[in-house]
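# Summary of structural features
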Amino acid sequence: MENLIVRYAKREELASVNKIRKQVNDVHVKGRSDIFREDGWQFIEPFIYTKFDEENSGVIVAVIEDEIVGFAVVQYIVKPESPYNKERKYFHIKEFGVDENHRRKGIATALFDFAKEDAKKRGFNRIELDMWEFNACALAFYESVGLKTFRRYMECYVEK
(Lines give C-alpha, C1' and ligand atoms only; values in the text may rest on other atoms or scores of the structure.)
Protein backbone atom coordinates (compact mmCIF):
# COMPACT_ATOMS: atom_id res chain seq x y z
CA MET A 1 0.00 0.00 0.00
CA GLU A 2 1.33 3.39 -1.00
CA ASN A 3 2.48 5.76 1.76
CA LEU A 4 1.92 3.15 4.48
CA ILE A 5 4.49 3.20 7.27
CA VAL A 6 4.52 0.64 10.09
CA ARG A 7 6.58 1.46 13.17
CA TYR A 8 6.44 1.74 16.94
CA ALA A 9 4.07 4.44 18.22
CA LYS A 10 4.92 7.75 19.82
CA ARG A 11 3.16 8.57 23.08
CA GLU A 12 1.26 11.45 21.49
CA GLU A 13 -0.28 9.00 18.99
CA LEU A 14 -1.94 6.82 21.63
CA ALA A 15 -5.21 8.82 21.64
CA SER A 16 -5.55 7.99 17.92
CA VAL A 17 -4.79 4.34 18.66
CA ASN A 18 -7.55 4.42 21.25
CA LYS A 19 -10.09 5.46 18.60
CA ILE A 20 -9.40 2.19 16.77
CA ARG A 21 -9.33 0.24 20.03
CA LYS A 22 -12.83 1.61 20.72
CA GLN A 23 -13.99 0.24 17.34
CA VAL A 24 -12.54 -3.16 18.27
CA ASN A 25 -14.21 -2.97 21.68
CA ASP A 26 -17.56 -2.26 19.99
CA VAL A 27 -17.12 -5.40 17.86
CA HIS A 28 -16.57 -7.39 21.05
CA VAL A 29 -19.61 -5.88 22.77
CA LYS A 30 -21.76 -6.66 19.73
CA GLY A 31 -20.34 -10.18 19.39
CA ARG A 32 -20.50 -11.20 23.05
CA SER A 33 -22.73 -8.83 24.99
CA ASP A 34 -22.99 -11.54 27.64
CA ILE A 35 -19.30 -10.97 28.43
CA PHE A 36 -18.35 -7.43 27.35
CA ARG A 37 -19.88 -4.37 29.01
CA GLU A 38 -21.05 -1.46 26.87
CA ASP A 39 -19.74 0.97 29.49
CA GLY A 40 -16.50 -0.98 29.90
CA TRP A 41 -14.58 1.22 27.49
CA GLN A 42 -13.94 3.83 30.18
CA PHE A 43 -12.03 1.23 32.17
CA ILE A 44 -9.89 -0.16 29.35
CA GLU A 45 -9.04 3.12 27.60
CA PRO A 46 -6.02 3.86 29.91
CA PHE A 47 -4.56 0.38 29.25
CA ILE A 48 -2.71 1.58 26.13
CA TYR A 49 -0.61 4.01 28.18
CA THR A 50 0.33 1.26 30.63
CA LYS A 51 1.47 -1.03 27.81
CA PHE A 52 3.35 1.83 26.14
CA ASP A 53 5.33 2.45 29.34
CA GLU A 54 6.10 -1.18 30.18
CA GLU A 55 9.57 -2.47 29.39
CA ASN A 56 8.32 -5.78 27.98
CA SER A 57 5.57 -4.29 25.79
CA GLY A 58 5.10 -2.02 22.82
CA VAL A 59 2.53 -0.41 20.57
CA ILE A 60 3.00 -0.80 16.83
CA VAL A 61 1.13 1.56 14.49
CA ALA A 62 0.31 1.67 10.79
CA VAL A 63 0.33 5.24 9.51
CA ILE A 64 -0.83 6.79 6.23
CA GLU A 65 0.02 10.47 5.85
CA ASP A 66 0.11 11.12 9.61
CA GLU A 67 -3.18 9.22 10.22
CA ILE A 68 -3.06 6.16 12.48
CA VAL A 69 -4.96 3.47 10.55
CA GLY A 70 -4.02 0.34 12.49
CA PHE A 71 -2.26 -0.88 15.61
CA ALA A 72 -0.97 -3.87 17.52
CA VAL A 73 -0.22 -4.01 21.24
CA VAL A 74 2.57 -6.52 21.73
CA GLN A 75 4.34 -8.14 24.66
CA TYR A 76 7.69 -9.92 24.80
CA ILE A 77 7.11 -12.90 27.06
CA VAL A 78 9.54 -15.35 28.62
CA LYS A 79 7.93 -17.94 30.90
CA PRO A 80 10.41 -19.95 32.93
CA GLU A 81 10.38 -23.71 33.03
CA SER A 82 7.92 -25.17 35.52
CA PRO A 83 7.21 -28.70 36.74
CA TYR A 84 4.66 -28.97 33.93
CA ASN A 85 6.07 -26.90 31.07
CA LYS A 86 9.31 -26.17 29.32
CA GLU A 87 10.50 -22.58 29.11
CA ARG A 88 8.41 -20.60 26.63
CA LYS A 89 9.62 -17.50 24.89
CA TYR A 90 7.21 -15.78 22.53
CA PHE A 91 6.08 -12.51 21.00
CA HIS A 92 2.47 -12.03 22.08
CA ILE A 93 0.01 -9.88 20.15
CA LYS A 94 -2.27 -8.66 22.93
CA GLU A 95 -4.49 -6.44 20.77
CA PHE A 96 -4.74 -5.90 17.03
CA GLY A 97 -6.98 -3.69 14.89
CA VAL A 98 -7.41 -1.67 11.73
CA ASP A 99 -9.63 1.41 11.46
CA GLU A 100 -12.99 0.40 10.00
CA ASN A 101 -12.55 2.96 7.19
CA HIS A 102 -9.26 1.37 6.08
CA ARG A 103 -9.94 -2.36 6.17
CA ARG A 104 -9.21 -4.72 3.27
CA LYS A 105 -6.31 -2.57 2.04
CA GLY A 106 -3.36 -4.67 3.24
CA ILE A 107 -2.83 -2.74 6.48
CA ALA A 108 -3.37 -5.73 8.77
CA THR A 109 -0.93 -7.79 6.70
CA ALA A 110 1.67 -5.01 6.88
CA LEU A 111 1.22 -4.82 10.68
CA PHE A 112 1.59 -8.57 11.03
CA ASP A 113 4.66 -8.64 8.76
CA PHE A 114 6.25 -5.91 10.89
CA ALA A 115 5.47 -7.89 14.05
CA LYS A 116 7.08 -11.01 12.53
CA GLU A 117 10.24 -9.12 11.63
CA ASP A 118 10.40 -7.42 15.01
CA ALA A 119 9.89 -10.74 16.81
CA LYS A 120 12.75 -12.20 14.80
CA LYS A 121 15.05 -9.24 15.61
CA ARG A 122 14.27 -9.66 19.31
CA GLY A 123 15.15 -13.35 19.23
CA PHE A 124 11.63 -14.78 19.33
CA ASN A 125 10.80 -17.63 16.97
CA ARG A 126 7.12 -17.73 17.85
CA ILE A 127 4.14 -15.32 17.76
CA GLU A 128 1.02 -16.03 19.77
CA LEU A 129 -2.32 -14.29 20.10
CA ASP A 130 -5.79 -15.11 21.29
CA MET A 131 -9.07 -14.08 19.76
CA TRP A 132 -12.79 -14.49 20.27
CA GLU A 133 -14.38 -17.29 18.28
CA PHE A 134 -17.31 -15.16 17.07
CA ASN A 135 -14.98 -12.92 15.07
CA ALA A 136 -14.91 -14.86 11.79
CA CYS A 137 -13.21 -12.04 9.87
CA ALA A 138 -10.33 -11.92 12.35
CA LEU A 139 -9.99 -15.70 12.26
CA ALA A 140 -9.85 -15.72 8.45
CA PHE A 141 -7.16 -13.03 8.48
CA TYR A 142 -5.03 -14.72 11.14
CA GLU A 143 -5.17 -18.03 9.29
CA SER A 144 -4.25 -16.25 6.03
CA VAL A 145 -1.00 -14.99 7.58
CA GLY A 146 -0.08 -18.45 8.85
CA LEU A 147 -1.41 -18.64 12.40
CA LYS A 148 -2.84 -21.97 13.53
CA THR A 149 -4.94 -22.91 16.53
CA PHE A 150 -2.89 -24.72 19.16
CA ARG A 151 -5.16 -24.29 22.18
CA ARG A 152 -8.87 -23.73 22.58
CA TYR A 153 -11.10 -22.41 25.37
CA MET A 154 -14.59 -23.93 25.32
CA GLU A 155 -17.80 -23.22 27.18
CA CYS A 156 -21.26 -24.50 27.85
CA TYR A 157 -24.11 -23.09 29.79
CA VAL A 158 -25.87 -25.03 32.50
CA GLU A 159 -29.56 -24.67 33.17
CA LYS A 160 -30.54 -22.68 36.21
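Heads up: the structure comes first, above all this text.
Residues numbered from 1 in each chain as written. Predicted model: local features only at pLDDT ≥ 70, side-chain atom pairs only at ≥ 80, totals over all residues. Heavy atoms only, no water.

On to the side chain of glutamine 23. Within the element layout of this structure, glutamine 23 appears in helix H1 (residues 14-31). Residue glutamine 23 is classed as buried on the basis of its relative accessible area of 14%. Apart from the residues within four sequence positions on either side, glutamine 23 is in contact with Val98, Asp99, Glu100 and Arg103. (Helix = DSSP H or I, 4+ residues; strand = E, 2+ residues; numbered from the N terminus. Buried < 20%, exposed > 50% of the residue type's maximum accessible area, 1.4 Å probe, protein only. Contact = heavy atoms within 4.5 Å.)

With 28 residues, the main nonpolar core has Leu4, Phe91, Ile93, Phe96, Ile107 and Leu111 as its most contacted residues. At the level of secondary structure, the elements contributing two or more residues to this core comprise strand E1 (4-8), strand E2 (57-64), strand E3 (67-79), strand E4 (88-98), helix H4 (107-121), strand E5 (127-129) and helix H5 (136-144). Beyond its immediate stretch of four places on either side in the chain, leucine 111 contacts Val6, Ile60, Val61, Ala62, Gly70, Phe71, Ala72, Phe96, Gly97 and Val98. Membership of the second largest hydrophobic core comes to 12 residues, among which are Ala9, Val17, Ile48 and Val61. (Core = buried A, V, L, I, M, F, W, Y, C linked by side-chain atoms within 4.5 Å.)

Moving on: the packing of aromatic side chains. In this structure the tally under the stated criterion is 8 aromatic pairs. With centroids separated by 6.3 Å and ring planes inclined at 70 degrees, the aromatic side chains of phenylalanine 91 and phenylalanine 124 adopt a geometry described as edge-to-face. Pair noted here: phenylalanine 91 is in strand E4 and phenylalanine 124 is in the loop between H4 and E5, with a separation of 33 residues, a long-range link. A residue is classified by how much of its surface remains accessible, and phenylalanine 91, at 0% relative accessible area, is buried. Here the aromatic cluster, defined as three or more aromatic residues joined through ring pairs, consists of Tyr76, Phe91 and Phe124. One residue, lysine 89, lies across the ring of phenylalanine 124, its end atom 5.2 Å from the ring centre. The ring of tyrosine 76 is capped by arginine 122, whose NZ or CZ atom sits 4.1 Å from the centre of that ring. (Phe/Tyr/Trp six-rings, centres within 6.5 Å; stacked < 30°, edge-to-face > 60°. Lys NZ or Arg CZ within 6 Å of the ring centre and 35° of its normal.)

Let us now look at the pattern of salt bridges. When the charged atoms of two side chains lie near each other, side chains of opposite charge can form a pair. What the rule picks out here adds up to 11 salt bridges. Between glutamate 128 and arginine 126 there is a salt bridge, with the nearest N and O atoms lying 2.6 Å from each other. For glutamate 128, a relative accessible area of 8% translates into the label buried. On the accessibility criterion, arginine 126 (35% relative accessible area) is partly exposed. (Salt bridge = Lys/Arg side-chain N within 4 Å of Asp/Glu carboxyl O.)

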